6 protein chains.
Amino acid sequence: MATVKLVDENSLDPIVQRVFRDIKATKKIDQVPDFWRALASDPSHLELVWTHLKNVMQPGKLDMLTKEIIALAVSATNGCRYCINSHTAAVQRLGLDNEGLGEVMSVVGLFNMTNKLADGYQVEPDVFPEAR
Amino acid sequence: MATVKLVDENSLDPIVQRVFRDIKATKKIDQVPDFWRALASDPSHLELVWTHLKNVMQPGKLDMLTKEIIALAVSATNGCRYCINSHTAAVQRLGLDNEGLGEVMSVVGLFNMTNKLADGYQVEPDVFPEAR
Amino acid sequence: MATVKLVDENSLDPIVQRVFRDIKATKKIDQVPDFWRALASDPSHLELVWTHLKNVMQPGKLDMLTKEIIALAVSATNGCRYCINSHTAAVQRLGLDNEGLGEVMSVVGLFNMTNKLADGYQVEPDVFPEAR
Amino acid sequence: MATVKLVDENSLDPIVQRVFRDIKATKKIDQVPDFWRALASDPSHLELVWTHLKNVMQPGKLDMLTKEIIALAVSATNGCRYCINSHTAAVQRLGLDNEGLGEVMSVVGLFNMTNKLADGYQVEPDVFPEAR
Amino acid sequence: MATVKLVDENSLDPIVQRVFRDIKATKKIDQVPDFWRALASDPSHLELVWTHLKNVMQPGKLDMLTKEIIALAVSATNGCRYCINSHTAAVQRLGLDNEGLGEVMSVVGLFNMTNKLADGYQVEPDVFPEAR
Amino acid sequence: MATVKLVDENSLDPIVQRVFRDIKATKKIDQVPDFWRALASDPSHLELVWTHLKNVMQPGKLDMLTKEIIALAVSATNGCRYCINSHTAAVQRLGLDNEGLGEVMSVVGLFNMTNKLADGYQVEPDVFPEAR
């Protein structure tokens, strides 16, 4: 259970109102996800995080699917329940099928293994370009 | 400094020879990266990890750049020095420029933040589809 | 569900009895939190951890609220459910309101982001004093 | 060594110029820390992170020392070299002496231990208020 | 709830059939653990991970109990719910009693503390042999 | 470089003297490892951590090699440089050869992979005993 009271979707706080409206419009959804309702317990922080996310999560050199795949890889590596659920749904909505999701997980799993092996043996970074 | 002696490129161990040759051929490089030379202190483990990596790191639903981007996102989240260096070089070789790298980092940074906020407030996973 | 049987509050083990009594007296509570009941499955470890915690968690250069805030920051960074709940309750009991809790989380989130950016770009520690 | 070229302090990029000037003015320092020079390889990301940090890192319910202590606790928990150095220097500049720093570390160490014990035994969050 | 549909024990996929049969025979169990049923949503990845695990998890220089204890130590350090439950059951089946489990946890907890202290003070690795 | 001045081996502080002497006698070494010299900047914390470690690190249900192997597994999972070096040296002194070290790493690597896969697919803990 969340450690703060989730703020009502119809909050009267003007910052919360503005941000919630923008979240729903930007994401084309009808309900505000609970993550944002928890952050709204501190309205100025809500606005700061939402502004940051909105700036980062738009197509650039990387398309939206790639960005959501990175988000899922980070969340799986951190073991964040809420985030894994949320970003799995996002990559699926953006068209990744089960086989594609399996590939994401296979890469995430593999490099979590090699990361620990490189650290576990304390291998120094390669200095010759071809070997990096 | 590595905690095990890095195995010489010209090792006489038949498993090590076979795997080192395959690494150089597959990656089109002239020198065996130090990660593999460290693993070679246990030849059967070397072969197991290389076989695993070779299977996962081929184009499928995801292309190679996307897979290397995931590898970099995992490595940055774990703070693995060797791996960050190695996978940064890999994404650059596959054509990602500085702006693209900046986008990868911006997404990695952002979701490491939101992961901790979702955990820090103990937000339960959303149950309505639109909110995931 | 805990992987060990939680030890009864009225355990007859003399070490457990002594530690449980001290926990309730020190924390001014009527029930032993489940964390300590799980540790009690190994009484000598229970005593060791409790003694350690009792020594560290007293006012010194830092007051108790600051110490509990650190505990919460560590727990949120690690994503430890039990601990986040427990230390959130502690900081609230010590007087931190929702806005203060929001500030803790905003700082925890921010530096989890910058940590991964510093690692992700492999930035070397600054050497000029002013820049640290 | 950083994986991107650190941007020169006298960069001609207008965003970089503006942000670097603000960093030096806000922090009252003469040189731009290398973290920001690395981020500047992607100017819009530099601005986004700096704006976020500037908003969070001002006195509120929590004073600046407490906020830097949280930053240090997060960085030590994550094992981020650059960040540990940077935030240790910051808490020292804000007046924390060696004994105070020792207390921060003692609390960070302690709760990293109890976090893993609570997780390791899979203890469920306490439900009675007094026990949290 | 798992983010993918768990594959039925009686799946008609030939790879899944073969791997599920081998899991049950090797582990001498009647039901396929849910971990493997989730992986089976990507049959080739299922086979790759199972082959890897089967190779690593056999007696060698280390006996099976020591290997499962390492698995539990890793899982507790990562806070992985599924894995902690699974490997706790495994060490118990292999004969570790509650006191032994308490010792595992006491060592896991202790070194998670000292890890963060060594990182938190940025202590350089010892160079004199006796001190390591 | 350590963030605190390492305390001299011949410190005049009575607590530091007593603990340093005990460390050398207990570990049968001539020099105090730098970890303890860093902790000594806060003598009471030094004593607390040393007492804790001395209590945990003695033979019980588990022998010393198994305990040091756990310490190494935890340190590799956390990526703690100082600790990986220190505990690798310890397991080698206790007789583990390169092949044995390779087995430790193979198990550490494997379960860091499966941990992330179990989390990444959000697999719920098994409830039937045989499947754990």
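Everything here concerns the structure above.
Residues numbered from 1 in each chain as written. Chains lettered and ligands numbered in written order. Predicted model: local features only at pLDDT ≥ 70, side-chain atom pairs only at ≥ 80, totals over all residues. Heavy atoms only, no water.

Caption draft 1: Fine view of the relation of the copies chain D and chain C. Take chain D, turn it by 180°, move it 0.0 Å along the axis, and it overlays chain C with an RMSD of 0.0 Å. With respect to symmetry, the two chain copies, as superposed, fit the operation of a two-fold axis. Interface overlap between copies is the fraction of interface residues in one copy that are interface residues in the other; for chain D against chain C it reaches 99%, indicating a shared surface. (Least-squares fit on C-alpha atoms with pLDDT ≥ 70 in both. Contact = heavy atoms within 4.5 Å.)

Caption draft 2: Spotlight on empty space enclosed by the protein. Under the definition given, this model contains 2 cavities of 30 Å³ or more. Roughly 920 Å³ of internal volume is contained in the largest cavity. Along its surface, the largest cavity is lined by 48 residues, and N78 and G79 of chain B, N78 and G79 of chain D together with N78 of chain F are the ones closest to its centre. Along the lines of polarity and charge, the residues of the lining of the largest cavity split into 12 nonpolar, 21 polar and 15 charged. Space inside the second largest cavity adds up to approximately 510 Å³. Contributions of two or more residues to the lining of the second largest cavity are made by α5 (81-93) of chain A, α6 (98-120) of chain B, α5 (81-93) of chain C, α6 (98-120) of chain D, α5 (81-93) of chain E together with α6 (98-120) of chain F. (1 Å grid on protein atoms, 1.4 Å probe; cavity = no way out; pocket = protein on both sides within 12 Å on 5 of 7 lines; lining within 4 Å. Points joined across faces, edges and corners; volume = space filled by probe spheres on them. Nonpolar A, V, L, I, M, F, W, Y, C, P; charged D, E, K, R; others polar. Helix = DSSP H or I, 4+ residues; strand = E, 2+ residues; numbered from the N terminus.)

Caption draft 3: Region of the structure containing the state of the cysteines. All names here are of chain E. Within the structure shown, the criterion is met by 6 disulfides over all chains. The disulfide partner of C80 is C83, and the gap between their sulfur atoms is 2.3 Å. Judged by the sign of its S-S torsion, about 40°, the bond between C80 and C83 is right-handed. Look at C83 and you get buried, because its relative accessible area is 4%. (Disulfide = S-S within 2.5 Å. Buried < 20%, exposed > 50% of the residue type's maximum accessible area, 1.4 Å probe, protein only.)

Caption draft 4: The arrangement of unusual backbone geometry in detail. All names here are of chain A. Even without glycine at this site, Q122 takes up a positive phi of about 55°. Structurally, the position occupied by Q122 is in the segment after α6 (98-120). With a relative accessible area of 10%, Q122 lands in the buried category.

Caption draft 5: Structural context of the interface of chain D and chain C. Taken residue by residue, the interface counts 73 residues in chain D and 72 residues in chain C. When the two sides are added together, the surface that chain D and chain C hide from each other amounts to roughly 6700 Å², 65% of it contributed by carbon and sulfur. Run the count over chain D and chain C and you get 6 salt bridges. Across the salt bridge formed by D97 of chain C and K61 of chain D, the nearest N and O atoms sit 2.6 Å from each other. Summed over the shared surface of chain D and chain C, the result is 24 residue pairs in polar contact (both at pLDDT 80 or more). Broken down by secondary-structure element, the contributors of at least two residues to the side of chain D that touches chain C are α2 (34-39), α3 (43-56), α4 (64-78), α5 (81-93) and α6 of chain D. Class assignment of the residues belonging to the side of chain D that touches chain C gives a composition of 38 nonpolar, 21 polar and 14 charged. (Buried area = accessible area lost by both parts, 1.4 Å probe. Salt bridge = Lys/Arg side-chain N within 4 Å of Asp/Glu carboxyl O. Polar contact = N/O pair within 3.5 Å; in protein donor to acceptor, adjacent residues only side chain to side chain.)

Caption draft 6: Just the packing of aromatic side chains, in detail. Using the criterion set out here, one finds 18 aromatic pairs over all chains in the structure. Note on W36 of chain D and W50 of chain D: the rings are 5.3 Å apart at their centroids and 90° apart in plane angle, and the pair reads as edge-to-face. Residue W36 of chain D is found in helix α2, and its partner W50 of chain D is found in helix α3; the two are separated by 14 residues along the sequence. Pair check on accessibility: W36 of chain D and W50 of chain D agree, each one buried. Taken together, the ring pairs connect F35, W36, W50 and Y82 of chain A into an aromatic cluster. (Phe/Tyr/Trp six-rings, centres within 6.5 Å; stacked < 30°, edge-to-face > 60°.)

Caption draft 7: Inspection of the pattern of salt bridges at higher detail. A complete count under the given rule lists 43 salt bridges over all chains for this structure. Its salt-bridge partner being K67 of chain C, residue E103 of chain D comes within 3.5 Å of it at the nearest N-O pair. Of this pair, E103 of chain D sits in helix α6 while K67 of chain C sits in helix α4 (residues 64-78), on two different chains. For the pair E103 of chain D and K67 of chain C, a shared accessibility class is recorded, and that class is buried. For E124 of chain E, the salt bridge is made with R81 of chain F, and the minimal N-O distance between the two is 3.6 Å. Taken together, the positions of E124 of chain E in the segment after α6 (98-120) and R81 of chain F in helix α5 (residues 81-93) put the pair across two chains. Salt bridges sharing partners connect three or more residues here, namely K61 of chain A together with D97 and E99 of chain B.

In short, shape yes, function no, at least from these values alone.
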